[in-house]
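# Results of the structural survey
One letter stands for each residue in the lines below.
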Amino acid sequence: MSGQMMIGVAGYALAVNLLAYAAMVLDKAKAEAGSRRISEATLLNLAIAGGSIGTIAAQGTIRHKTRKEPFRTQLLVIVLIQCLVLVALTVGLIVTGSPEGLWRALVA
């Protein structure tokens, strides 16, 4: 993977995780203030988009949505699927030897 692409992927991951963390912080503040909340669907969509680490970090640091079901279970499923995809991509890269080889194998 080229250096520019690695920087882009890392930048995206950092941005979406910061956004997910900030959304959880904002949602907790809104809950405490009794104002309109950020929907659980939005919070979970941020996790799906790659912000699961930020969402889990917020759960641990600000103690928000730690006991809320089905949010907690849905977040766990998202994380497990993301881990499986990461393992599959890693194995695919090892087997094919390069991102280009993996792409060719996937579209063939």
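Let me sum up the structure you'll find in this document.

## Some remarks on the environment of Ile62
Inspection of the secondary structure assignment puts Ile62 in helix α2 (residues 40-62). Distance from Ile62 to Met24, taken between C-alpha atoms, is 8.6 Å for residues 38 residues apart in sequence. With residues near it in sequence (within four places) discarded, Ile62 still touches Tyr21, Met24, Val25 and Lys28.

## Quick notes on the pattern of salt bridges
Taken as a whole and judged by the stated rule, the model has four salt bridges. For Lys68, the salt bridge identified is with Glu40, shortest N-O distance 3.9 Å. In this pair, Lys68 is assigned in the loop between α2 and α3 (71-96) and Glu40 in helix α2, connecting sequence segments 28 residues apart. Of the residues examined, Lys68 reaches a relative accessible area of 40% and is grouped as partly exposed. A relative accessible area of 21% means that Glu40 is categorised as partly exposed.

## Considerations on unusual backbone geometry
With the exception of glycine, most residues fall at negative phi, and the peptide bonds are largely trans. Here the bond from Glu69 into Pro70 is cis, since omega is 10°, no more than 30 degrees from zero. Of note, Pro70 is situated in the loop between α2 and α3. Of note in this structure, Arg63 is not a glycine but carries a positive phi near 55°. Relative to the elements of secondary structure, Arg63 occurs in the loop between α2 and α3. Positive phi, normally seen in glycine, also occurs at Lys65, with a value near 60°. With respect to the secondary-structure elements, Lys65 resides in the loop between α2 and α3. A residue is classified by how much of its surface remains accessible, and Lys65, at 11% relative accessible area, is buried.

## Comments concerning the packing of α2 against α3
At a minimum axis separation of 10 Å, α2 and α3 run at an interaxial angle of 85°. Here α3 runs roughly perpendicular to α2, going by the angle between their axes. Residues Glu40, Leu43, Leu44, Ala47, Ile48, Gly50, Ser52, Thr55, Ile56 and Gln59 of α2 form the contact with α3, whose participating residues are Phe71, Gln74, Leu75, Ile78, Val79 and Gln82. Partitioning the contact of α2 with α3 into residue classes produces nine nonpolar, six polar and one charged.

Conventions adopted
- Chains are numbered independently. Their residues run from 1 in the order of the written sequence.
- The model is predicted, so local features are restricted to residues of pLDDT at least 70 and side-chain atom pairs to those at 80 or more, both for listing and for counting; the totals for chains, interfaces and linings are taken over all residues.
- As a convention, hydrogens and water are excluded, and side-chain values are obtained from all of the structure's heavy atoms.
- Counting from the N terminus, the helices are the DSSP runs of H or I reaching at least four residues and the strands are the DSSP runs of E reaching at least two.
- We call two residues in contact when some of their heavy atoms are within 4.5 Å.
- A pair is scored as a salt bridge if a Lys or Arg side-chain nitrogen falls within 4 Å of a carboxyl oxygen belonging to Asp or Glu.
- Per-residue accessibility, obtained with a 1.4 Å probe over protein chains only, is compared with the maximum for each type, and a residue is labelled buried under 20%, exposed over 50%, and partly exposed between these values.
- Helix axes are fitted only over the stretch in contact, all axes being lines through C-alpha atoms; the angle between N-to-C directions runs from 0 to 180 degrees.
- For classification purposes, angles smaller than 35 degrees are called roughly parallel, those larger than 145 roughly antiparallel, those between 65 and 115 roughly perpendicular, and all remaining angles oblique.
- Just so you know the grouping, Ala, Val, Leu, Ile, Met, Phe, Trp, Tyr, Cys and Pro go in nonpolar, Asp, Glu, Lys and Arg go in charged, and all remaining residues, Gly too, go in polar.

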